[in-house]
Amino acid sequence: MPRVRVADPVFNVAESVVLLRQAAAAGAVLVAFPELGLSAYTCDDLFHQQALLQACEVALGEIAAVTGETGTVAVVGLPLRVDHRLFNCAAVCAGGRVIGVVPKTYLPNYGEFYEARQFQGADTAVSHQLLLQGHNVPFGTDLIFEANQLPLLKLACEICEDVWVPIPPSSYAALAGATVLVNLSASNITIGKADYRHRLVSLQSSRCLAAYLYSSAGLGESTTDLGWDGQALIYESGELLAESARFVTDSHLITADVDLERVSRERMRQNSFGTSAAHHAPQLKSYRRVAFDLRLPQPVPMRLQRPLERFPYVPSRSAERDERCQEIVNIQANALLQRLSATHIKKLVIGISGGLDSTHALLVCAAAMDRAGLPRSAILAYTMPGFATSTRTLAQARRLMQLVGCSAQEIDIRPSCLQMLADIGHPFARGEPVHDIAFENVQAGERTSHLFRLANQHGGFVVGTGDLSELALGWCTYGVGDHMSHYNVNASVPKTLIKHLVRWVAASGAVGADAAVLDDILATPISPELVPGNAAGGQAAPVQDTEEVVGPYELQDFHLYQILRYGYAPTKVAFLAWTAWHDADQGRWPDDTEVRRNAYTLADIKRHLRNFCWRFFKTSQFKRSCVPNAPKIGSGGSLSPRGAWRAPSDGEATVWMADVERIPDV
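K.L.:
Would you mind showing me how to read the overall build of the protein here?
P.N.:
The secondary structure content of the protein amounts to 20 helices and 18 strands. Buried positions account for 56% of the 666 residues belonging to the protein. In the protein, the proportion of contacts linking residues at least 24 apart, taken out of those at least 6 apart, comes to 73%.

Here's what the structure looks like:
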């Protein structure tokens, strides 16, 4: 945001060059300046003076020359005379010269604006190119600038009022392929206008599924009639990445990382975007493409500037987190309520382990029954201790069922498991301490089999408890096991979010004043409790540690979110994690009430990512048919398992694993 002097292009270009060099030094590849920034916006009838117009062209040449030195792309505003008409223009400079000029389409001539007195709109132009700095330069609103070295960078420009109209020119440009939209503005400030600009730019970037750079005029413009705040905004698909301070007295700039891969993926995923483009195909075909060379900053890749949530499924601000938790519980409870209504079933059957997932599922069941006007005793809850059930989790299961007020029963599955193990000739049935996968899955399958038969007997249906993280990593028993249920309320909720949901319910008092058991469950290590500490079982605490096998859920949920939401390759996911958390001041993974004392190193990230890739590719492919009916919950977009799971080829899995191994160790 350069400080300007009215009708003084020499001063204005000097300020702009300083900012351009600063931006290049910070690694920026694209720099946008305000509307008519080389002349200042408030020149009024001085715009008709030949001396001013010529000085602006000279200043433009200086800007263009600097882009040749820095390798950046600069978009600057100036008045240009074309075909004996004066246009308010955005000039795009790259590689040492002007590569295109975009005139303003809509000229405000109402309220405090009188632009039609000096300028004409783009639709009055006759020529489609002009001679600038000794080169024939494309001229018009139908220009998209494409970087040869960065194929996803496709730039389009509009000017101030253009984005305030019902259908901005940038809407068509985005449909034609532009991924970065630049608006050079000289919007004056009035009460409440800054907030409106936010909404305007956010909405346009959302509708266009694009990055949107908005740069407005500030100090130095004439205040005879108007005031100026110099607001600059960078949005990406509706999310604010950076905002300038307003009413600053010196030249200044803001920078942000724009994720063009995200923009491209969002357009692929949202098929209505392509449909809209098809509806406007004749108009979009007229767009001209201007290719240019771009010097990428070094080193590549660079450290990220954009905010990156450590827990993408869990809002960092407590108020937002509470609101999210309440909404999720409402979604789950209402979805389960609808299933009860549609099936005309009045009873729910659920297995309670004393762990996180079944705890939250039971709380959802209680909320649904309350809304249905049915007694909580119609929830038929069963805890089914096996060979590895700890006394801690068994006690927690009993306390939880009593707290909720459901029908609580206990079934010891060890006799039936021993019978099956004996039937299949398993060594454990002969007294040998063999705790293999068959031993584990016999228990998991027996529990599920009991639940289904109990549902048949009592006229209810089985509520599943497995969460999104477990389903994605394959950490469940396929078929007749915890993979199966009649209706799974947790299928779209990741493990890291389950903790906060249980904590939120405990704090809300929804299940009673004495919710200490929920705090005890939150403090219990995550475990399937299928392998005993000794042959007799009955240990005081869980022996198996799930996170020792699948990796920390905090890290794996981060990988899961980035891959499912944005389609990032594992190498990029690992790099994001590395750049976000390996710094000395960000090496820890805080939770609400505790801080992990061991920082994750890059070696840790590679190890867990290798594990994630193997599980995601090799095990989750078996669950394409899992939980066909479940409420869909996501952050920033649908993360439903439906359609997310597919069976990748062995070659694809091999490539991804090889990419992980190529991540540098330093």
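K.L.:
What is the right way to look at the packing of aromatic side chains in this model?
P.N.:
The geometry of an aromatic ring pair is captured by two quantities: the separation of the ring centres and the angle between the planes. Applying the stated criterion across every chain, the model contains ten aromatic pairs. A centroid spacing of 5.5 Å and a plane angle of 70° characterise the contact between F87 and F139, whose relative ring orientation is edge-to-face. Taken together, the residues span a long stretch of sequence, with F87 in strand β3 (residues 85-94) and F139 in the loop between β6 (135-138) and β7 (143-147) at a distance of 52 residues. Given the relative accessible area of 1%, F139 is considered buried. Taken together, the ring pairs connect Y313, Y561 and Y566 into an aromatic cluster. Sitting above the plane of the F11 ring, R5 keeps its charged end 3.9 Å from the centroid. We note K495 situated over the ring of Y553; from NZ or CZ to the ring centre the distance is 5.2 Å.

K.L.:
I would appreciate a short explanation of the confidence of the model for the protein in the present structure.
P.N.:
Note: predicted coordinates in regions of low pLDDT should not be interpreted at a detailed level. Within the protein, residue pLDDT values average 87, and 86% of them lie at 70 or more. In the predicted structure, residues 583-598 sits below a pLDDT of 50 and forms 32 contacts with residues beyond four places in sequence or in another chain. Taken together, the stretch residues 632-648 has pLDDT below 50 and engages in 47 contacts with residues farther than four places along the chain or on a different chain.

K.L.:
It is not clear to me how helix α4 (residues 193-208) should be interpreted in this structure. Could you clarify?
P.N.:
Along an α-helix, residues three or four apart share an orientation, since each turn contains 3.6 residues. The end-to-end C-alpha separation of α4 is 22 Å, in line with the 22 Å expected for 16 residues at 1.5 Å each. Along α4, the residues classified as buried are K193, A194, R197, H198, L200, V201, S202, Q204, S205 and C208. Trailing α4 by a residue or two, L209 shows a phi angle of about 45°, which is positive.

K.L.:
What's the story with the packing of helix α9 (residues 356-372) against helix α14 (residues 495-508) in this structure? I'm lost.
P.N.:
The geometry of a pair of packed helices is captured by two quantities: the angle between their axes and the separation between those axes. Their axes nearest at 10 Å, the elements α9 and α14 cross at an angle of 50°. By the angle class used here, α9 and α14 are oblique. Crossing hand, α9 versus α14: left-handed. Between α9 and α14, the contacting residues are L356, D357, T359, H360 and L363 on the first element and K495, I498, K499, L501, V502 and V505 on the second. By residue class, the composition of the contact of α9 with α14 is six nonpolar, two polar and three charged.

K.L.:
In this structure, what is going on with the sheet that holds strand β13 (residues 288-292)? I would like to understand it.
P.N.:
Two strands in a sheet stick together by hydrogen bonds in their backbones, pointing the same way (parallel) or opposite ways (antiparallel). If you walk across this open sheet you meet the seven strands as β12-β11-β10-β9-β8-β7-β13, and the pairing is mixed. Of all the strands in the sheet, just β12 (239-243) and β13 have a single pairing partner and so form its edges. Strand-to-strand twist in this sheet, taken as the mean axis angle between neighbours without regard to direction, amounts to 25°. Where strand β9 (residues 180-184) meets strand β10 (residues 211-215), five bridges bridge the pair, whose relative direction is parallel. What sits directly across from V182, in β10, is L213. On the sheet, α4 packs against β9, β10, β11 (232-236) and β12 and is oriented at approximately 30° with respect to β11.

K.L.:
Is there a simple way to explain the pairing of strand β17 (residues 461-464) in this structure?
P.N.:
The two faces of a sheet get side chains in turn, since along a regular strand they alternate between them. As paired elements, strand β14 (residues 348-351) and β17 share two bridges and run parallel to each other. Paired with V349 across the two strands is V462, which belongs to β17. Examined bridge by bridge, β17 and strand β18 (residues 487-488) share two bridges and lie parallel to one another. Residue G464 lies in a different strand from β18, and its bridge partner there is N488.

K.L.:
Is there a simple way to think about the environment of G533 in this case?
P.N.:
Along the chain, the position of G533 falls in the loop between α15 (516-522) and α16 (546-550). Along the chain, G533 and A388 lie 145 residues apart, while their C-alpha atoms are 7.2 Å from each other. With near-sequence residues (within four places) excluded, G533 lies in contact with Q539 and V543.

The rules we used
Residues numbered from 1 in each chain as written. Predicted model: local features only at pLDDT ≥ 70, side-chain atom pairs only at ≥ 80, totals over all residues. Heavy atoms only, no water. Helix = DSSP H or I, 4+ residues; strand = E, 2+ residues; numbered from the N terminus. Buried < 20%, exposed > 50% of the residue type's maximum accessible area, 1.4 Å probe, protein only. Contact = heavy atoms within 4.5 Å. Phe/Tyr/Trp six-rings, centres within 6.5 Å; stacked < 30°, edge-to-face > 60°. Lys NZ or Arg CZ within 6 Å of the ring centre and 35° of its normal. pLDDT = per-residue confidence, 0-100. Expected span 1.5 Å × (residues − 1). Axes fitted to C-alpha atoms, helices over the stretch in contact; angles between N-to-C directions. Parallel < 35°, antiparallel > 145°, perpendicular 65-115°, else oblique. Left-handed = near helix turned anticlockwise from the far one by under 90°. Nonpolar A, V, L, I, M, F, W, Y, C, P; charged D, E, K, R; others polar. Pairing = 2+ DSSP bridges.

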